[in-house]
Amino acid sequence: MRKTAGTLITFLQIFIAGVLAVSVLPVTLFLGLATREVASYAIGVALIIAYSAFELSARVRMANFEAGRYLVMNLGRSALIMLFALPIAALTRDGLWTAAGTALGMAGGAMLGLNPAGFGPALTRLDRPLIGEIFAYGIPIGASMVLGSLINSGTRALVGGLGSAEELGYYTAGFVLIQATLAMVASGLEAAAFPLAVAAIERGDAAEARDQLVRNASLLLAVLMPAAIGMALTAPGIAHSLVGARFEPMVARLTPWMAMGGLLGSFRAQLPRSRVPARP
């Protein structure tokens, strides 16, 4: 079993390499672009980096079972985004400047989870076997996440392309209201439960890890199934209470389908493989 500090250093090395890749390698794209397009690209990269830094820091807190610190990070991120983005939006009425304020607030939230530990000199030492393990495990997971994002984005593109902007608005309202809610609940359950399975793997107890994963799946089913069924059965009331009158009829019709999709999508996104090998 590798020491936690060494593992964290390896993840920081991969993160720094990723930051350099998205910041430096595509710089040739700036050639011939207008100033507004360059600004859009730069702010988009800043958002990617800030969000990635927040997720890395948050996952470290989750792995260490630091629920209080994780809560502080999320509340701090929300407060900082409001502190920076809302005044900028009110003053400039410009989406780019508002996105820049969002990136700044996101970065501040990530900093709330940092633990300065003097890793500077250690960052130059590469653990190549561990990097290989991370990429061997992470590439398929990353590809799955990319495909999942494409499915969501592609569905909206199809609705907008084959239908109309109005129908896309109805679909987006239902998606945000139903599927995003179920996904948020599932993500919270996974954040609390999955580190328990990881801890069992680190102890070398494969049986306990598999048992924990089964309990995690049971918990997801026990919480998400009633939530999805409840949303489907109360679709008219949900639509009447939470969306405008213009959106109400269509959102009520979409809610049962969105609830079913949200249930299955949450399991796809949050339920890990049941066969996880114990680490030496």
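The structure we're discussing is the one just above.
If you're wondering where the values come from, they're calculated on a predicted model, not measured in any experiment. (Residues numbered from 1 in each chain as written. Predicted model: local features only at pLDDT ≥ 70, side-chain atom pairs only at ≥ 80, totals over all residues. Heavy atoms only, no water.)

A. A look at the overall build of the chain. The helix and strand inventory of the chain stands at 9 helices and 0 strands. Going from N to C terminus, the chain has its helices and strands arranged as α-α-α-α-α-α-α-α-α. Counting across all 280 residues of the chain, residues that qualify as buried make up 28%. Long-range contacts, defined here as pairs at least 24 residues apart, represent 74% of the contacts in the chain between residues at least 6 apart. As presented, the chain carries roughly 16,800 Å² of accessible surface, and 72% of it is formed by carbon and sulfur atoms. (Helix = DSSP H or I, 4+ residues; strand = E, 2+ residues; numbered from the N terminus. Buried < 20%, exposed > 50% of the residue type's maximum accessible area, 1.4 Å probe, protein only. Contact = heavy atoms within 4.5 Å. Areas by Shrake-Rupley, 256 points an atom, 1.4 Å probe, with all protein chains shown as cover.)

B. Expanded view of the packing of helix H7 (residues 206-233) against helix H9 (residues 248-270). At their nearest, the axes of H7 and H9 sit 8 Å apart, and the two run at 165° to each other. Here H9 runs roughly antiparallel to H7, going by the angle between their axes. Where H7 crosses over H9, the two elements pack in a sense that is right-handed. Across the interface between the two elements, Ala217, Leu220, Leu221, Leu224, Met225, Ala228, Met231 and Ala232 from H7 touch Thr255, Pro256, Ala259, Leu263, Ser266, Phe267 and Gln270 from H9. (Axes fitted to C-alpha atoms, helices over the stretch in contact; angles between N-to-C directions. Parallel < 35°, antiparallel > 145°, perpendicular 65-115°, else oblique. Left-handed = near helix turned anticlockwise from the far one by under 90°.)

C. Just helix H8 (residues 235-242), in detail. Considered for burial, the residues of H8 that qualify are Ala235, Ile238 and Ala239. When H8 is viewed along its axis, its buried side chains cluster within an angular range of 95° and face the same direction. Within H8, the exposed residues directed more than 90 degrees away from the buried face are Pro236, His240 and Ser241. Buried residues in H8 make contact with helix H6 (165-202), H7 and H9. (Arc of directions from axis to C-beta.)

D. Expanded view of the environment of Thr7. The residue Thr7 is located in helix H1 (residues 4-24) in this model. Residues Thr7 and Ile131, spaced 124 residues apart in sequence, show a C-alpha to C-alpha distance of 9.2 Å.

E. Quick look at the packing of H7 against H8. Between H7 and H8, the shortest axis-to-axis distance is 4 Å and the interhelical angle comes to 75°. Comparing the axis directions of H7 and H8 gives the class roughly perpendicular. In contact with Met231, Ala232 and Leu233 of H7, H8 contributes Ala235, Pro236 and Ile238.

F. The arrangement of the side chain of Thr10 in detail. Structurally, the position occupied by Thr10 is in helix H1. Take Thr10: its relative accessible area is 1%, and that puts it in the buried class. Not counting the four nearest positions on each side in its chain, Thr10 is found in contact with Asp127, Leu130, Ile131 and Ile134.

G. View of the packing of aromatic side chains. Under the counting rule described, the total for this entry stands at 2 aromatic pairs. Judged by centre distance (5.3 Å) and plane angle (85°), the ring pair of Tyr170 and Phe247 falls under edge-to-face. With Tyr170 in helix H6 and Phe247 in the loop between H8 and H9, the pair connects residues that are 77 residues apart, well separated along the chain. The class for Tyr170 is buried, based on a relative accessible area of 12%. Ring centres of Tyr171 and Phe175 lie 6.2 Å apart, and the angle between their planes is 25°; this geometry places the pair in the stacked category. With Tyr171 and Phe175 both in helix H6, this residue pair falls 4 residues apart, about one helical turn. The aromatic ring of Phe54 is capped on one face by Arg77, whose charged end is 4.0 Å from the ring centroid. (Phe/Tyr/Trp six-rings, centres within 6.5 Å; stacked < 30°, edge-to-face > 60°. Lys NZ or Arg CZ within 6 Å of the ring centre and 35° of its normal.)

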